[in-house]
Amino acid sequence: MIPRPHHLATVGTLLTEFPVTALVGARQVGKTTLARQLVDQHAGATHWFDLQRPPDLQRLDDPFLTLEPLRGLVVIDEIQRAPGLFSVLRALVDAGGDRCRFLVLGSASPGLVRGSSESLAGRIATHTVGGLGLDEVGAEHQDRLWLRGGFPRSFLAPSDAASMRWRKQYVRTFLERDVPQLGIGIPAVTLRRFWTMLCHHHGQVLNLSELGRAFGVAHSTVRSYIDILDATFVVRQLPAWFENLSKRQVKAPKVYLTDTGVLHALLNVETLDELLGHPKVGASWEGFAMDQVLRHCGAEPEEAYFWGTHAGAELDLLVVQGLERQGYEFKRTSTPKRTRSMLSAMESLALDRLRVIHPGRDRYPLGQGIEAVPLVSTVEDATPST
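What you are looking at is a predicted structure, and each value in this text was computed from that prediction instead of being measured.

**Q** When you look at the layout of surface pockets in this model, what are you seeing that I'm missing?
**A** One water molecule sets the probe size; rolling that probe over the atoms shows where empty space is left. Reported here for the second largest pocket is a volume of approximately 470 Å³. Around the second largest pocket sit 21 residues that line it, and Q28, V29, G30, K31 and T33 are the ones nearest its centre. Those elements that provide at least two residues to the lining of the second largest pocket are α2 (31-41) and α9 (152-155). Considering each element in turn, the lining of the second largest pocket owes the most residues, five residues, to α2. Its residues placed into classes, the lining of the second largest pocket shows seven nonpolar, six polar and eight charged.

This is how it looks when you write it as structure tokens:
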């Protein structure tokens, strides 16, 4: 088991501050393992309900009767299988004060589970768990993490072939079991075709009309498919930043698959040699590096953007935290150079600094406020948020 102390510390803090803490993330990303570690560390009484187990689901047929007498830490795994529990938790929290702390685990964002956000507004904190990061697996495993992705079982598989088999089964189970359990009636084969097509748009500005024409559906249907994949943590939409400038700016988001291992599985890329020769290698590395930077710079989802103009200037990642603006460009070359686009971003966005992230080893200045930085150095320099 790979230690994940940052997640443990963050969730532990939230449990002391909120009556309900939601631990969310894609299926198989390690939520249950983290929850069991928290249970092991908890000094008082603990109670565990796994809603994938019929006996536990049956115990909650009358949830108020079952949960009301409990004290200590109550863990409810896969809560999206019983969305009615959110209103019950609200009643218990309002009536019981601090007698209980609830830790709920889910594979879908609260916004996709009907009634969850409204029921527990002001009473719940949410922490999202992503895949493994470079700080957790070690810099020496950078290429392996990029190729296989951050799902623990995929990363730890004994071979690239075994890892690929696991990811393909993951995709199949996600589409055939997990999505239907959320009450979504899209056929698995349809959603798989769309997900695969989205791989070829990984790292690009989202054009709903273009995707709709290519897939033969209305742009509103494309919007709903992307929102489902986003809400189940397998796709990330990076919103565009725009403000009152003289330049005409792009307003549509960019779209990325959140896990490069799944991206490569859907593209049938099994080995590092195959990946290095694939047309999507640059976009794949950009998404991988961006994920590592986002998890370690302490940015909340609402603090991360990309920026672009219709004249061609672009910034891969803009992080806005308070009054500070940090820019990031991702270049899969060992010797990145300064570009006119970088200078335009520095001036137009009034950046405090711009880092050009690359897979090489050297760190060097590229101009006033612009620096080339190895990806590993970025992770080592960053201080995780608490």
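Now, onward.
**Q** I would appreciate a short explanation of empty space enclosed by the protein in the present structure.
**A** Taken as a whole and assessed by the stated rule, the structure comprises four cavities of 30 Å³ or more. Considering only enclosed or pocket space, the largest cavity measures out at about 120 Å³ in volume. What lines the largest cavity is R27, Q52, E78, Q80, S107, A108, F174, R177, D178, Q181, L182 and T232.

**Q** Explanation requested: the sheet that holds strand β6 (residues 204-205) in the structure shown.
**A** The pairing of strands in a sheet comes from backbone hydrogen bonds and takes either a parallel or an antiparallel form. In space, the three strands of this open sheet follow the order β6-β8-β7, with antiparallel pairing throughout. In the strand order of this sheet, the two ends are held by β6 and β7 (235-238), each with one partner. Contacts from helix α11 (residues 188-199) reach β7 and β8 (254-257), with the element oriented near 110° to β8. Lying over the sheet, helix α16 (residues 281-296) contacts β7 and β8, oriented at roughly 90° with respect to β8.

**Q** Would you mind showing me how to read the pattern of salt bridges here?
**A** Two side chains with opposite charge may pair up if their charged atoms get near one another. Considering all chains together, one arrives at 18 salt bridges under this definition. A salt bridge links R99 to E68, with the shortest nitrogen-to-oxygen separation between them at 3.8 Å. Remark: E68 occurs in the loop between α4 (63-67) and β3 (72-77) and R99 occurs in the loop between α5 (85-96) and β4 (100-106); sequence separation between them is 31 residues. For R99, a relative accessible area of 37% corresponds to the partly exposed category.

**Q** I tried to follow the side chain of R325 on my own but got confused; where do I start?
**A** Mapped onto the elements, R325 comes out in strand β11 (residues 324-330). Taking the relative accessible area as the measure of exposure, R325 reaches 18% and is therefore buried. Within the local environment of R325, its side chain forms a polar contact with the backbone oxygen of L349, the two atoms lying 2.9 Å apart. In this structure R325 touches W241, E243, L318, V319, V320, L349, A350, L351, D352 and R353, once residues within four positions along its chain are discounted.

**Q** Quick question: what am I supposed to make of the packing of aromatic side chains here?
**A** For any pair of aromatic rings, geometry is given as the distance between the ring centres together with the angle between the planes. Within the structure shown, the criterion is met by nine aromatic pairs. A connected cluster of aromatic rings, assembled from ring pairs, spans F151, W166, Y170, F174 and W195. Its end group placed over the ring of W48, R36 keeps NZ or CZ at 4.1 Å from the ring centre.

**Q** Looking at this model, I keep getting lost on the packing of helix α10 (residues 160-181) against α11. Mind explaining?
**A** The description of two packed helices rests on the angle between their axes and on the distance between the axes. Relative orientation of the contacting elements α10 and α11 amounts to 135°, with a least axis distance of 10 Å. Between α10 and α11, the crossing angle belongs to the class labelled oblique. As α10 runs across α11, the sense of the crossing is right-handed. Contacts between α10 and α11 involve V171, F174, L175, E176 and V179 from the former and A188, L191, R192 and W195 from the latter. In terms of residue class, the contact of α10 with α11 is built from seven nonpolar, no polar and two charged.

Definitions and limits used
Residues numbered from 1 in each chain as written. Predicted model: local features only at pLDDT ≥ 70, side-chain atom pairs only at ≥ 80, totals over all residues. Heavy atoms only, no water. 1 Å grid on protein atoms, 1.4 Å probe; cavity = no way out; pocket = protein on both sides within 12 Å on 5 of 7 lines; lining within 4 Å. Points joined across faces, edges and corners; volume = space filled by probe spheres on them. Helix = DSSP H or I, 4+ residues; strand = E, 2+ residues; numbered from the N terminus. Nonpolar A, V, L, I, M, F, W, Y, C, P; charged D, E, K, R; others polar. Pairing = 2+ DSSP bridges. Contact = heavy atoms within 4.5 Å. Axes fitted to C-alpha atoms, helices over the stretch in contact; angles between N-to-C directions. Salt bridge = Lys/Arg side-chain N within 4 Å of Asp/Glu carboxyl O. Buried < 20%, exposed > 50% of the residue type's maximum accessible area, 1.4 Å probe, protein only. Polar contact = N/O pair within 3.5 Å; in protein donor to acceptor, adjacent residues only side chain to side chain. Phe/Tyr/Trp six-rings, centres within 6.5 Å; stacked < 30°, edge-to-face > 60°. Lys NZ or Arg CZ within 6 Å of the ring centre and 35° of its normal. Parallel < 35°, antiparallel > 145°, perpendicular 65-115°, else oblique. Left-handed = near helix turned anticlockwise from the far one by under 90°.

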